[in-house]
Amino acid sequence: MQRPWIPFPQTDCFMTATLTPLFNRDCLVNSKVVPQERLGELKDSTPLLADPVALRKQLQQDGYLYLKGIVKPQHIEAARQEVFARLAKMGELKEPAHEGIFSGVSHRDQRVSSRGEFWQSVSEGPHLRHLTHGEDMHRVMDLIMGEKSRPHDYLFLRAGVQGRSTGLHYDYPFFTRAHDQVYTVWMPIGNVPVEQGPLAIVEGSKKFKDLIDPMNGFDVALDKSRKATLSQDALSLAIERNTRLLSRNFEIGDIVVFGMYTLHGAFQNHCPLQKVRLSCDVRWQPAALDVDARYFGKNPGGTTGAGYGELQGAKPLTDDWHVR
Ligand SMILES: O=C(O)CCC(=O)C(=O)O
């Protein structure tokens, strides 16, 4: 019999700011403030960890699970320090690096010979991997899938400065070459309040047949004539479809799990303190299913085959993000 899951309690540590679960600060899309009626909180499914059947039903129903206390604070702290130390060496962060304050400059291109190799080495840091691919994550993903789970080796680490955001998209065009039983785990690495531009999920988007049906068979790496990112921004889509953008003032230990048919993006980072939003997204699937070789192995090619060099994170923090 499976033992009930007991989440880790939130603890006070240097990353714990005075956060409230409410949207007490502005959420921005394309530099526009999202009105309160277009915002909602991701539903907290943590109590359902004790009832895996209900947990899976919830994921099917809403297209996502928001869970608290899943990874240990000390693992997050270690990963955050590890990544920020590397960025500080590129001159991109002010000291002390662990505060994650953008310096406004970058010497990355002068100090590394390959953006891709640099980012791969950051993405394969032992503390980061322990956080994203360690026993806590395996345990919760086995529970969610109801069978042995397996993470992609390829990891999307994102360090987003003021102005950065991610446009709305479904993950289907990136990860469903082998099958669609792939789940994204989005994890803040440190507290990520809304002004730092965290993940936002479009409520009810699992049911947007007009967007989902034409996506069937779309592979973003094979069909260069299309983009996975919608041309419409999150605010105008929410208004047009009379729905809400769901997010949180994310705290250490939180994760969001969602499937390939859940529309999502990230708000714009507009933190006045110039704090860098650090997060990562990792894909998981049932271990018994086929794998898409692009995302596995010692030197995974990633979506386009260009390896870690194709990621937003591989760019100096001073560079704009691309749209796929
Ligand atoms: O963190 C972000 O900016 C976007 C995350 C995302 O698109 C994903 O996890 O699939």
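Residues numbered from 1 in each chain as written. Predicted model: local features only at pLDDT ≥ 70, side-chain atom pairs only at ≥ 80, totals over all residues.

Colleague: Looking at this structure, I do not really get the overall build of the protein chain. What am I missing?
Modeller: Counting its regular elements, the protein chain contains nine helices and 13 strands. Its C-alpha atoms give the protein chain a radius of gyration of 18 Å, within 12% of the compact-globule value 20 Å for 324 residues. Along the first, second and third principal axes, the C-alpha atoms of the protein chain reach 50 × 45 × 45 Å. For the protein chain, the residues scored as buried account for 46% of the 324 residues in total. Pairs at least 24 apart in sequence give 81% of the contacts found in the protein chain among residues at least 6 apart. (Helix = DSSP H or I, 4+ residues; strand = E, 2+ residues; numbered from the N terminus. Rg over C-alpha atoms; globule rule 2.2 N^0.38 Å. Buried ≥ 20, exposed ≤ 12 C-beta atoms within 10 Å, placed from the backbone. Contact = placed C-beta atoms within 7 Å.)

Colleague: Where do I start with the nonpolar core in this structure?
Modeller: General note: in soluble globular proteins, nonpolar side chains tend to be found buried as a group. Counting 80 residues, the largest nonpolar core has Tyr64, Val83, Val256 and Val257 as its most contacted members. Not counting residues within four places of it along the chain, the set of residues in contact with Val83 comprises Val122, Gly125, Leu128, Leu157, Ile189 and Leu278. (Core = buried A, V, L, I, M, F, W, Y, C linked by C-beta atoms within 7 Å.)

Colleague: Quick question: what am I supposed to make of the site of the ligand here?
Modeller: Around the ligand, the structure places Arg158, Thr166, Asp171, Thr184, Trp186, Leu199, His264, Ala266, Ser279 and Asp281. Broken down by secondary-structure element, the contributors of at least two residues to the shell around the ligand are strand E8 (183-188), strand E12 (264-266) and strand E13 (277-286). A breakdown of the residues in the shell around the ligand according to their chemical character gives three nonpolar, four polar and three charged. (Near = placed C-beta within 6 Å. Nonpolar A, V, L, I, M, F, W, Y, C, P; charged D, E, K, R; others polar.)

Colleague: Would you explain the sheet that holds strand E3 (residues 39-41) in this entry?
Modeller: The pairing of strands in a sheet comes from backbone hydrogen bonds and takes either a parallel or an antiparallel form. The mixed open sheet is built from five strands, whose spatial order is E3-E10-E9-E12-E7. Whereas interior strands pair on both sides, the edge strands pair on one side only; in this sheet they are E3 and strand E7 (166-169). Each adjacent strand pair in this sheet contributes to an overall mean axis angle of 30°, direction not counted. Of the pairings in the sheet, the one linking strand E9 (residues 199-202) to strand E10 (residues 245-247) comprises two bridges and is antiparallel in character. Paired with Ile201 across the strands is Leu246, a residue of E10. (Pairing = 2+ DSSP bridges. Axes fitted to C-alpha atoms, helices over the stretch in contact; angles between N-to-C directions.)

Colleague: How should I be thinking about the environment of Phe258 in this particular structure?
Modeller: Relative to the elements of secondary structure, Phe258 occurs in strand E11 (residues 255-258). As a C-alpha pair, Phe258 and Ile201 span 57 residues in sequence and 9.2 Å in three-dimensional space. Dropping the residues within four chain positions of it, Phe258 is found in contact with Gly63, Tyr64, Tyr183, Thr184, Ile201 and His264.

Colleague: What's the story with the confidence of the model for the protein chain in this structure? I'm lost.
Modeller: Any segment with low pLDDT has predicted coordinates that should not be analysed in fine detail. Per-chain confidence: the protein chain averages 94 in pLDDT, with 95% of residues scoring 70 or above. Of the regions scoring below 50 in pLDDT, residues 12-21 engages in 16 contacts with residues more than four places distant in sequence or in other chains. (pLDDT = per-residue confidence, 0-100.)

Colleague: Help me understand the pairing of strand E6 (residues 156-160), please; the structure alone is not making it clear to me.
Modeller: Strand residues, when the strand is regular, have side chains that alternate between the two faces of the sheet. When you tally the buried positions in E6, you get five out of five residues, the bulk of the element. Of the two faces of E6, the one lined by Phe156, Arg158 and Gly160 and the one lined by Leu157 and Ala159 are each fully buried. As judged from the five bridges shared by E6 and E13, these two strands associate in the antiparallel manner. Among the inter-strand pairings, Gly160 is bridged to a residue of E13, identified as Arg277.

Colleague: What am I meant to see in unusual backbone geometry here?
Modeller: Backbone torsion omega between Glu95 and Pro96 reads 0°, so that peptide bond is classified as cis. Positive phi, close to 50°, is recorded for Asn242, a residue that is not glycine. One non-glycine residue, Gln274, lies in positive phi territory at about 65°. Turning to its location among the elements, Gln274 is positioned in the loop between E12 and E13. Given 16 C-beta atoms within 10 Å, Gln274 falls into the partly exposed group.

Colleague: Mind showing me how you'd approach the packing of helix H2 (residues 73-89) against helix H5 (residues 126-133) here?
Modeller: A pair of packed helices can be characterised by two numbers: the angle between their axes and the separation between those axes. It is at 8 Å that the axes of H2 and H5 come closest, and there the two elements cross at 140°. By the angle between their directions, the pair H2 and H5 is classed as oblique. The way H2 lies across H5 gives a crossing that is left-handed. Along its contact with H2, which presents His75, Ile76, Ala78, Ala79, Glu82 and Val83, the element H5 presents His127, Leu128, His130 and Leu131. Within the contact of H2 with H5, the residues separate by chemical class into six nonpolar, three polar and one charged. (Parallel < 35°, antiparallel > 145°, perpendicular 65-115°, else oblique. Left-handed = near helix turned anticlockwise from the far one by under 90°.)

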